[in-house]
Amino acid sequence: MAFVQIIDCKTDRLDDLNRLMDSWAESTKGKRTASHAVVATDRADTKHVVEIVEFPSYEEAMRNSQLPETDRIFREMVALCDAPPTFTDLDVVRDSQFNKALANRVLDGLAAGNLDVIDECMAADYRDHDYGSEGELQGIRAFRGRCKDYLDAFDFRFEIESQIAEGDEVATRWAWYATQKAAFRDVPNTGKSVTGRGTTTFRCKEGKIAEGWWQWDVMGLMRQLGVMPGA
């Protein structure tokens, strides 16, 4: 179970506190178990500083707290604060990654042949960058047409191999498993089953996907279909 520790303090020495955190990050390379840290100030009281630190588990957090560097930094942190910091220890019981869910909904919907998922999940002025083959286009109607070409020619599914969300972007590394069922552009129907791998990065805005970047091995697809040497 993931674990989060909230450190609450009062200080007007935020720059010194940030330098202290940089020192800790540098001195604990290869040893620390924290996976993510956020430092924030209260809009209503800029002296009120909150640090949120994420760990894979409570046990990993305890390992981190036992590092000599952590103990030293804590003592120096106390010296920067108006009063000793307070700690809140939290077991994560739910972690909703809304942008990840949005990206998955598009990939799953396309694999199921549901082109309406494009209108539901993508901004009207969605911009698409396909570095695998087809270049750039703008607008969900144009993207819908691009996807229809694949749906008409293949039965396929995506298998997500890894996914990372940061800020408003979601990067998904996927495998693609397909069987050709009709002509694909200038390639007649081969009936062959093909596989491919690629990465899609979506930028989200206001609950919709505003931009997408696709990188995948289109040459490998053509070789598997027998269009290029090496099949």
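Residues numbered from 1 in each chain as written. Predicted model: local features only at pLDDT ≥ 70, side-chain atom pairs only at ≥ 80, totals over all residues. Heavy atoms only, no water.

## Overview of the sheet that holds strand 2 (residues 36–42)
As a reminder of what qualifies: In this analysis, strands are considered paired if DSSP registers two or more bridges between them. The secondary structure listing takes helices from DSSP runs of H or I that are at least 4 residues long and strands from runs of E that are at least 2 residues long, numbered from the N terminus. Angular values range over 0 to 180 degrees, each being the angle between N-to-C directions of two axes fitted as lines to C-alpha atoms, with helices fitted over their stretch in contact.
The strand order across the open sheet built from 4 strands is 2-3-1-4, with neighbouring strands paired in antiparallel fashion. Here the strands that pair on one side only, and so sit at the sheet edges, are strand 2 and strand 4 (86–91). Along the sheet, successive strands turn relative to each other by an average axial angle of 20°, direction set aside. Both strand 2 and strand 3 (residues 45–55) contribute to a ladder of 7 bridges, which runs antiparallel. Each bridged residue has a counterpart across the sheet, and for valine 39 the counterpart in strand 3 is glutamate 51.

## Quick notes on the pattern of salt bridges
To keep it simple, the criterion reads: What counts as a salt bridge is simple: a side-chain nitrogen of Lys or Arg found within 4 Å of a carboxyl oxygen of Asp or Glu. Burial classes: relative accessible area under 20% of the type maximum marks a residue as buried, over 50% as exposed, and values in between as partly exposed (1.4 Å probe, protein chains only).
The full count for this structure, using the stated rule, is 20 salt bridges. Note that aspartate 16 and arginine 13 form a salt bridge whose closest N and O atoms lie 3.1 Å from each other. Overall, aspartate 16 belongs to the partly exposed group, its relative accessible area being 25%. Take arginine 13: its relative accessible area is 38%, and that puts it in the partly exposed class. For the salt bridge of glutamate 211 with arginine 127, the shortest nitrogen-to-oxygen distance reads 3.9 Å. Taken together, the residues span a long stretch of sequence, with glutamate 211 in strand 10 (residues 208–216) and arginine 127 in strand 5 (residues 122–130) at a distance of 84 residues. The exposure class assigned to glutamate 211 is buried, which follows from its relative accessible area of 10%. One salt-bridge network, in which partners are shared between bridges, spans Arg13, Asp16 and Arg19.

## Some words on the sheet that holds strand 6 (residues 135–138)
Let me state the cut-off plainly: Here, residues are in contact when the closest pair of their heavy atoms is within 4.5 Å.
Here we have 6 strands laid out as an open sheet, ordered 6-5-10-9-8-7, and mixed in their pairing. Of all strands in the sheet, those bounded by a partner on one side alone are strand 6 and strand 7 (154–166). Across the sheet, the mean angle separating the axes of adjacent strands is 20° when strand polarity is ignored. For strand 5 and strand 10, the ladder comprises 5 bridges, and the chain directions are parallel. When the bridges of strand 10 are listed, histidine 129 appears paired with tryptophan 213. Contacting strand 5, strand 7, strand 8 (169–180), strand 9 (193–205) and strand 10, helix 4 (residues 98–111) crosses the sheet at an angle of about 170° to strand 7. Taken strand by strand, helix 6 (residues 140–153) contacts strand 5, strand 6, strand 7, strand 8 and strand 10, and its axis lies near 60° from that of strand 5.

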